Amino acid sequence: MRKVAAITGGAQGIGRAAALAFAEEGYAVAVADIDKEAGFEIVRFLHQAGGTAMFMHVDIADEASVKRWMNMIIKEFGRIDVLMNNAGIGKNSPMLELPLADFDRVIAVNLRGTFLCSQQAASYMRKQGKGAIINIASTRGLMSEAGTEAYSASKGGILALTHAMAVSLGHYGIRVNAISPGWIETADWQLSTRAKKPQHSERDRMQHPVGRVGTPEDIAQACLFLSSDKAGFITGQNLVVDGGMTIKMIYE
Ligand code: NAD
C-alpha cells in the first residue's frame, strides 16, 4: 500500500521541497496550507510529475479545520504514515512593544498547531501501529537575537513537545523527532509568481562552516531519513541542520 505523508505549510518554502521529496520517494502527499494559490500550484505540479497528491485549505491553529483535513486524508488515502509539522510564522518586534495578540497568534500557529495536528494524526497512526511525526523547530529554539520572543518561545516549546510526545506515543509504534533548521533560503521555493533567485554575500556563506546557506532540500532530506525505517531507533531527538552555524564561535 502506498505510504502517505501529511505536510503542513507544504505549499511553499521548506514544506514545498519536502512535498516534492516525499512524492519522489513514492509517498502520496497531503498538503495543508492557508495559501490556496500556492497549494493548488504544488499539487498540480506533483500530479504532472506523476505523483499522488491533494491540497486542502487548513489553518493549523483551528481545531475544526485540522480535523476536516485529517478526515479528508483518511477518506482519500486511507492512512497517515508521516506527519511533518512544518507550517510556522514569526512576528519579530522589540520585546517591550510586542502586542500580546501577536505573541498569542505565533504560539497558536507554531506550538498549538503542532500539538493539534499531532494529536489528530496520532489517533490514526495508533490504529496502524506505526507512524512518524517530524516537527520543524528552529535553531532559534536554542539561541536568540533580540526581538524574537514569540517565535523563539514557540520553537523551544516544540522541542519540549517533541520529547513529551515521543514518550507518550512510543508504545503505539509512533516515533516523534524535531529538526531545527538554521538559515534556509526559501526565496526560490515560493509560489512561482513570487519566487526569486537567491543572492548571498561571501559573508553570509562564511558564517557557515560548510561554506553555504542552507536549502529547503537539505531539510527535506533530513525529514525523509527521520521518517524512514533507517531511523527506527531514533525518537524524541532534535536534529540541528544548520551547516554548523550554531557550533561556530565568534570572536570579532
Ligand atoms: P515559508 O513562509 O516559506 O512557508 C511556510 C508555509 O506555511 C507558507 O506556505 C504559509 O502559507 C504556510 N502557513 C503559514 N501559516 C499557516 C497556518 N496557520 N496554517 C497552515 N499553513 C500556514 O516558511 P519556511 O521558511 O519554509 O519555514 C517552514 C518552517 O521552517 C517554519 O516552521 C519555520 O519556522 C521553520 N524554519 C525556517 C527557517 C528558514 O530559514 N527558512 C529556519 C528555521 C526554521
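This text goes with the structure placed above it.
Because the structure is predicted, anything quoted here is derived from the model rather than measured.

Colleague: Can you walk me through helix H3 (residues 63-77) in this structure?
Modeller: Look at H3: 21 Å from first C-alpha to last across 15 residues, which is about the 21 Å you get at 1.5 Å a residue. By the burial criterion, the buried members of H3 are Ser65, Val66, Trp69, Met70, Ile73 and Phe77. For H3, the angular spread of buried residues about the axis comes to 135°, placing them on one side. Among the structural elements, strand E1 (4-8), strand E2 (28-33), strand E3 (53-57), strand E4 (82-85) and helix H4 (100-128) are those in contact with the buried residues of H3. Positive phi appears at Gly78, one or two residues downstream of H3, with a value of about 85°.

Colleague: Would you take a moment to explain H4 for this structure?
Modeller: Residues spaced three or four apart along an α-helix point in a common direction, a consequence of the helix completing one turn every 3.6 residues. Between its first and last C-alpha atoms H4 spans 40 Å; for 29 residues at 1.5 Å apiece the expected length is 42 Å, and the two agree. Roughly 40° is the biggest bend found in H4, and it falls at Arg112. Phi for Gly129, located one or two positions after H4, is positive at around 75°.

Colleague: I keep staring at the site of the ligand and nothing clicks. Help me out?
Modeller: What surrounds the ligand is a group of 27 residues, the closest being Ile14, Asp33, Asn86, Tyr151 and Lys155. Contacts to the ligand include Asp59, whose side-chain N or O atom sits 2.9 Å from a nitrogen atom. Note that an oxygen atom of the ligand is positioned 3.3 Å from one of the backbone N or O atoms of Gly182. If the ligand stood free it would expose 830 Å²; the protein chains cover 86% of that surface. Contributions of two or more residues to the shell around the ligand are made by helix H1 (13-24), H4 and helix H5 (149-169). Within the shell around the ligand, the residues separate by chemical class into 13 nonpolar, nine polar and five charged.

Colleague: Mind showing me how you'd approach the pairing of E1 here?
Modeller: A regular strand carries its side chains on alternate faces of the sheet. With five of five residues buried, E1 is to be regarded as a mostly interior element. Here E1 shows two buried faces, one formed by Val4, Ala6 and Thr8 and the other by Ala5 and Ile7. Pairing analysis gives five bridges linking E1 to E2, with the strands arranged parallel. In the strand pairing of E2, Thr8 is matched with Ala32. You can see the chain leave E1, run along H1 and come back into E2, and the turn it takes is right-handed. As paired strands, E1 and E4 are joined by three bridges and run parallel to one another. Looking at E4, one finds that Ala5 is bridged to Val82.

Reading guide: rules and limits
- Residues numbered from 1 in each chain as written.
- Predicted model: local features only at pLDDT ≥ 70, side-chain atom pairs only at ≥ 80, totals over all residues.
- Heavy atoms only, no water.
- Helix = DSSP H or I, 4+ residues; strand = E, 2+ residues; numbered from the N terminus.
- Expected span 1.5 Å × (residues − 1).
- Buried < 20%, exposed > 50% of the residue type's maximum accessible area, 1.4 Å probe, protein only.
- Arc of directions from axis to C-beta.
- Contact = heavy atoms within 4.5 Å.
- Bend = angle between axes of the 7 residues up to and from the residue.
- Near = heavy atom within 4 Å.
- Polar contact = N/O pair within 3.5 Å; in protein donor to acceptor, adjacent residues only side chain to side chain.
- Areas by Shrake-Rupley, 256 points an atom, 1.4 Å probe, with all protein chains shown as cover.
- Nonpolar A, V, L, I, M, F, W, Y, C, P; charged D, E, K, R; others polar.
- Pairing = 2+ DSSP bridges.
- Right-handed = clockwise from strand over helix to strand, strands pointing away.

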